[in-house]
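Next come the chains, spelled out residue by residue.
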Amino acid sequence: MQVNYQQLQQLVAADQVQELGSTYQQYASPYVKGLYANNQSLQVATFNGKLMAIPDTQIDYQYNLLWVRKDWLDKLHLAPPKTLADLTKVARAFVKAKLGGPATVGLTGPSGTSTGVTPGGGATALTAPNAPNGFDTICGAFGAYPGQFYTSNGKVVYGSVQPQMKPALQALHNMYTEGLIDPQFAIRSQADELSLVESGKAGMLFGPWWIPGWPLITSFTNDANADWQAYPAPVDAKGKMNVMGQLPSGTFLVARKGYAHPEVAWKVESLDNDAIRQLDPVAAKIYQNLGVPWTAWPLSIQIDRSDAVLKDYHDAVNALKKCNSGKPNTTAAQDVAYVLAHCQSIDPAAEIGWYGNIDAYLKRKPEDRGLDVWPGYTDMMLGVAAMANNLRRIHEIYPLNVTPTPTMKSRMAELNKLEELTLVAIVVGQQPVSQFDSFVQEWHSLGGDQILKELQQEAQS
Amino acid sequence: MKPTTLHYHLMLLPGMVFLLLFSVVPMFGVVIAFEDYNPALGIMHSPWVGLDNFKFMFELPDSEQIFVNTIVIAGAELIALLVVPLVFALLLNEVRVGWDKRSIQTIVYLPNFMSWVILSGIILDIFSLQGIVNQVIGLLGIHPIMFMASNTWFRPIVVGTDVWKEFGFQTIIYLAALTGISPVLYEAAAIDGARGLGVLRHVTLLGLAPTIAPLAALSLGNVLNANFDQIFNLYNPLVYPTGDIIDTWVYRTGLIDQQYGLATAVGLLKSAVAFILIITSYKLAARFANYRIF
């Protein structure tokens, strides 16, 4: 069954899972082994030198980009924003020109009512990183990483109580009082907030590379002029965008202790991957045309290179140069079939679906570029491209892989509630920005200090 | 056992099984409140910590806040749900035309059937910055207020909407009870010179007492429940100080943060207090209104 990291630790401590490392070498396919060689997932699932689970891969490059309606920018003759000051200027212009109607929203905000707090972690609704509508990259422009435990100069710190948060909160508060951020972001659910984007009322939002699939596609359906473009913004004073990366693994496949055939897990994983990537024609036929998505396949967990997203992009760009059916107005499926049949030079392990989409999109006339190809194209050629072509602008750090310490188990809920309440209240103006200092003190004295000490000990052991 | 009573016992059987499975058997789970619960080890093998969870609960700065919120909101709802249906029923009783009375009864009863998930969507919209309420006060020249994010307004809105949703049910009960008061008593009162308020005091309310007393007594036991469903769907972090009740806190702490032991301890304490309240209210009802079950 699949478990998260905290559960995996509990299971290993209770000696309830089967060791899987001894069957790895013999039964995992070369392709799967190649994927693991590219990332650090196996180390995360190794306890006392033994591999206790099949780890998934949390593909990196999921941080928030700034998505802006280019058609609005063009109407107002504005340049795409790069710094926070640019962002503010653009939002101001959008709201003033009321391009989305009388209640135009410059920038959407993270929902206050989402309860997706990571177990044992620090992230609250306002600070959960890399979530659509999140403010974490704005905080990053000040060097702050709210809701995250990470190491800075060898010390374990917690992002939300760092001094850099204060100017970040001040900036957010200023934007809010000026009316540039949706005034009701705190009371709306995430779906409601995104409906502002879908109905064409909002001009900007933060989101990972995949949001054209959802919710931007609805915006495009409602208004074919909605030209969403992605920008790696805002950058800090040094011109760098500060983001928080992904932990190598988050989900683990475990086998009950004493399970008679642990090699079965590796065999199934290898088969799954061979089939999904079309590496083995026999395997690929198992679920063909049955409409079963790969997430529903047995024992399916996501194993991939940690930079899979960038690799797919580069593969797609290369393939487009080398392989083109030349026929206009094909469907994505037809393009995929063409590529499979004619372009042997393309890396067979690559995600062929992307070429199909992008190729079909590019070959069609603008008015024929419909919903079947727009998300695929926008995801890759706008979303991922913004990351792949700007790698030098990005400064990525990684969070600590946090296992709940005893104090975290008893105090974290309390601290999260305090943090959520205070940060949202400061942005919205119910509490003054100076309240941040008393929040930091309270956080430390209510158990935060103890938690940091414990994490420091663990990190050094 | 006579054959006729066997039928009744059999009819009760599914209900008893349901009660047993879902209310009695889970009671063994309260043991979690005394353990440092680890789901991988299960209830039987998680380490025993005795009263540590309870001690910790009292040390939390939030404990006071959530208990106060729960009691205030539930108390207000309790009183409102006693007074409003009663007054409404008395007023409706004066209506002479038959079809009006029945249709009004049905209309006020309808919100009872809507779930809070749906109603919260409607309420959030009505009180939003572009919603009807803000539009109306805008006409009066007042600056728009974000009601659902305001600590002054959250509790009144919660209590108000809950009363609006639930009062229909109690109104029907009171109306039914009112028809049960013998008209002879009214005539006797009229002969004795009682008018208006006098009639109300000496005939109507006395006649309703056997209905009011058990309803009030039974809802007293509910006072710590303050309606998780409603608050969970309506709240947000900004109104935690006035709106976070025991159940929502337990939900976040227990399920989201996986602090099962602590959450169970708080839930257990809540049930213990509720138990005492129910016993008390039952004794009160038995004494003052002669209401007994056993």
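Residues numbered from 1 in each chain as written. Chains lettered and ligands numbered in written order. Predicted model: local features only at pLDDT ≥ 70, side-chain atom pairs only at ≥ 80, totals over all residues. Heavy atoms only, no water.

Asks: Would you mind going over the overall build of chain A with me for this structure?
Replies: In terms of helices and strands, chain A carries 18 helices and 13 strands. Taking 2.2 N^0.38 as the reference for a compact globule, 461 residues should give roughly 23 Å; the C-alpha atoms of chain A span a radius of gyration of 23 Å, in line with that estimate. Here chain A holds 461 residues, and the buried ones make up 57% of them. Element-wise, carbon and sulfur atoms account for 53% of the exposed surface of chain A, whose accessible area totals about 19100 Å². Charge separation in chain A, taken as the distance between the mean sites of 36 positive and 42 negative side-chain charges, equals 4 Å. (Helix = DSSP H or I, 4+ residues; strand = E, 2+ residues; numbered from the N terminus. Rg over C-alpha atoms; globule rule 2.2 N^0.38 Å. Buried < 20%, exposed > 50% of the residue type's maximum accessible area, 1.4 Å probe, protein only. Areas by Shrake-Rupley, 256 points an atom, 1.4 Å probe, with all protein chains shown as cover. Lys, Arg positive; Asp, Glu negative; His and termini not counted. Charge placed at Lys NZ, Arg CZ, Asp CG, Glu CD.)

Asks: What should I look at first to understand the interface of chain B and chain A in this one?
Replies: Across the boundary between the two partners, chain B contributes 34 residues, which contact 34 residues of chain A. Summed over both sides, the interface of chain B with chain A buries roughly 2700 Å², with 58% coming from carbon and sulfur. For the pair chain B and chain A, the number of links is one salt bridge. In this structure, Lys 417 of chain A and Asp 244 of chain B form a salt bridge, with 2.5 Å as the shortest nitrogen-oxygen distance. The interface formed by chain B and chain A holds five residue pairs in polar contact (both at pLDDT 80 or more) in total. For the side of chain B that touches chain A, the secondary-structure elements that each account for two or more residues are helix 3 (52–59), helix 4 (61–93), helix 12 (240–243) and helix 13 (246–256) of chain B. Looking at which element gives the most residues to the side of chain B that touches chain A, the answer is helix 13 of chain B, with five residues. A breakdown of the residues in the side of chain B that touches chain A according to their chemical character gives 19 nonpolar, 10 polar and five charged. (Contact = heavy atoms within 4.5 Å. Buried area = accessible area lost by both parts, 1.4 Å probe. Salt bridge = Lys/Arg side-chain N within 4 Å of Asp/Glu carboxyl O. Polar contact = N/O pair within 3.5 Å; in protein donor to acceptor, adjacent residues only side chain to side chain. Nonpolar A, V, L, I, M, F, W, Y, C, P; charged D, E, K, R; others polar.)

Asks: Honestly, the side chain of Thr 104 of chain A in this entry has me stumped. Any pointers?
Replies: All names here are of chain A. With respect to the helices, strands and loops of the structure, Thr 104 is situated in the loop between helix 6 (84–97) and strand 6 (105–107). By relative accessible area, which is 7% here, Thr 104 ends up buried. Polar contacts involving the side chain of Thr 104 include one to the main-chain amide nitrogen of Gly 100, which spans 3.0 Å.

Asks: I tried to follow the environment of Asn 153 of chain A on my own but got confused; where do I start?
Replies: Residues and elements named next belong to chain A. With respect to the secondary-structure elements, Asn 153 resides in the loop between strand 7 (149–152) and strand 8 (155–158). By relative accessible area, which is 82% here, Asn 153 ends up exposed. Placed 44 residues apart in sequence, Asn 153 and Val 197 show a C-alpha to C-alpha distance of 40 Å.

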